[in-house]
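# Commentary on secondary and tertiary structure
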Amino acid sequence: MREIKNTKIIAVDHGYGNIKTANTVTPTGITAYETEPIFTGNILEYNGTYYRIGEGHKEFIPDKAMDEDYYLLTLMAVARELNVFSIQEADVHLAAGLPLTWIRNQREEFRSYLLQNPEVSYRFNNKDYHIRFVGCSLYPQGYPAIVNLLSTLKGTNLLADIGNGTMNILYINNKKAQESRCWTEKFGVNQCMIAAKNAILDRFGVKIEEATVEQVLRFKAADISAPYLDCITAVARQYVADIFSTLRKYEYNPDLMRLYVVGGGGCLIRNFGTYDESRVTILADICATAKGYEYLALMSLKRRE
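Structural notes, computed from the coordinates. Quick caveat, the model's predicted, so the values are computed rather than measured. (Residues numbered from 1 in each chain as written. Predicted model: local features only at pLDDT ≥ 70, side-chain atom pairs only at ≥ 80, totals over all residues. Heavy atoms only, no water.)

### Things to note about the pattern of salt bridges
Summed over all chains, the structure comprises 14 salt bridges. When the shortest N-O distance is used, the salt bridge between Glu45 and Arg123 registers 3.4 Å. With Glu45 in strand 7 (residues 43–46) and Arg123 in strand 10 (residues 119–124), this pair connects stretches of sequence that are 78 residues apart. The partner of Glu89 in a salt bridge is Arg132, with the nearest N and O atoms 3.0 Å apart. Highlighted residues: Glu89 in strand 9 (residues 89–98) and Arg132 in strand 11 (residues 127–140), separated in sequence by 43 residues. (Salt bridge = Lys/Arg side-chain N within 4 Å of Asp/Glu carboxyl O. Helix = DSSP H or I, 4+ residues; strand = E, 2+ residues; numbered from the N terminus.)

Pasting the structure below:
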């Protein structure tokens, strides 16, 4: 977390699978309760309602301001980031992002959504937080994750930000992002999750827990028998092959350009893909985009001084 003039800059990467700050990662699942939940852990208390956060993930929606969930998740993310530094009251400047091709149309609506309450008090994990939101900077998803690498990106480079809901594709030529050559595909990791669960159901006639599939996707292994593991592995390999097929649709050529992959999809490419490691860079830090938001917001605010 960075600071300027006693204002904390807190970056929130609003993924469909996880909400990330510079120092925290939380699954986006959110469930409301009228009374205090029996089990503790990631409980947000806001406006008289309890919310358990972190079980499962939020379904894909084309407009993140359509419901209250991402606002509540933002409050949670701010609290978790402040808690890392033992802070419970602060002036906060948010830094966040939207998919590459959506940001032009949704920027101001999403900014207003995040800043809907200039001052807000709530509880998270039995701690009281009092936040004054003083501003919000918005950036295209993915790109901030490699902003610290720009000086090294000579020639033609392709960035693929593969999240849970979308894949954002951006060309960077001689260190400069090409705004006219960016695309957003609804082809996130959740598509692989759905395909794997359906494959297990079709082949074996049973339902498999999402957490089990996620373990296979992340670690190439789980405490399940070999036929089930082989089935999920085959789906994951096909999904990764489809990722590269989609990239080729946008003229990706590994002989003529380098590929940089950020987001959760990078783990699947590393585990199940076939590629030239000397020409494909996978950024393993799931918080890289949030850290990039934070850095860009700090630089922007410094220029205004």
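On we go from here.
### Remarks on the layout of surface pockets
Roughly 950 Å³ of volume is contained in the largest pocket. In this structure, the largest pocket is lined by 45 residues; those nearest its centre are Asn18, Asn164, Glu214, Gly264 and Ile286. Looking at the lining of the largest pocket, the elements with two or more residues in it are strand 3 (13–14), strand 4 (18–20), strand 12 (156–162), helix 3 (189–204), helix 4 (210–219), helix 6 (265–272) and helix 7 (288–304). Tallying contributions element by element places helix 4 first for the lining of the largest pocket, with six residues. Partitioned by chemical class, the residues of the lining of the largest pocket number 17 nonpolar, 19 polar and nine charged. In this structure, the second largest pocket spans a volume of roughly 220 Å³. Forming the walls of the second largest pocket are Leu100, Ile103, Arg104, Arg107, Leu138, Pro140, Tyr143, Leu170, Ala177, Gln178, Glu179 and Cys182. Mapped by element, the contributors of at least two residues to the lining of the second largest pocket are helix 2 (103–114), strand 11 and strand 14 (176–185). With four residues, strand 14 is the single largest residue contributor to the lining of the second largest pocket. Of the residues contributing to the lining of the second largest pocket, the split by class is eight nonpolar, one polar and three charged. (1 Å grid on protein atoms, 1.4 Å probe; cavity = no way out; pocket = protein on both sides within 12 Å on 5 of 7 lines; lining within 4 Å. Points joined across faces, edges and corners; volume = space filled by probe spheres on them. Nonpolar A, V, L, I, M, F, W, Y, C, P; charged D, E, K, R; others polar.)

### Focus: the sheet that holds strand 14
Within the open sheet, the five strands sit side by side as 14-13-12-15-16. Their pairing is mixed. Whereas interior strands pair on both sides, the edge strands pair on one side only; in this sheet they are strand 14 and strand 16 (280–282). Here the strands of the sheet are splayed against their neighbours by 20° on average, with no regard to which way each runs. Examined bridge by bridge, strand 12 and strand 13 (residues 167–173) share seven bridges and lie antiparallel to one another. The partner of Asp161 across the bridge, within strand 13, is Asn168. (Pairing = 2+ DSSP bridges. Axes fitted to C-alpha atoms, helices over the stretch in contact; angles between N-to-C directions.)

### A look at the packing of aromatic side chains
Scanning the model with the defined rule gives eleven aromatic pairs in all. Put simply, the rings of Tyr46, Tyr71, Phe110 and Tyr113 pair up and form one aromatic cluster. A cation sits over an aromatic face here: Lys64 above Tyr70, 5.6 Å from the ring centre. Seen from the ring of Tyr171, Arg181 lies directly overhead, with NZ or CZ sitting 3.7 Å from the centre. (Phe/Tyr/Trp six-rings, centres within 6.5 Å; stacked < 30°, edge-to-face > 60°. Lys NZ or Arg CZ within 6 Å of the ring centre and 35° of its normal.)

### What about the sheet that holds strand 11?
Pairing in this open sheet of eight strands is mixed, and the strands run 1-2-9-11-10-7-8-6 from one edge to the other. At either end of the open sheet lies a strand with only one pairing partner, and these are strand 1 (2–4) and strand 6 (30–33). Averaged over all pairs of adjacent strands, the angle between their axes in this sheet comes to 35°, without regard to strand direction. For strand 1 and strand 2 (residues 7–11), the ladder comprises three bridges, and the chain directions are antiparallel. From the neighbouring strand, Glu3 faces strand 2, where its bridge partner is Lys8. The sheet contacts of helix 2 involve strand 9 and strand 11, and relative to strand 11 the element is tilted by about 165°. (Contact = heavy atoms within 4.5 Å.)

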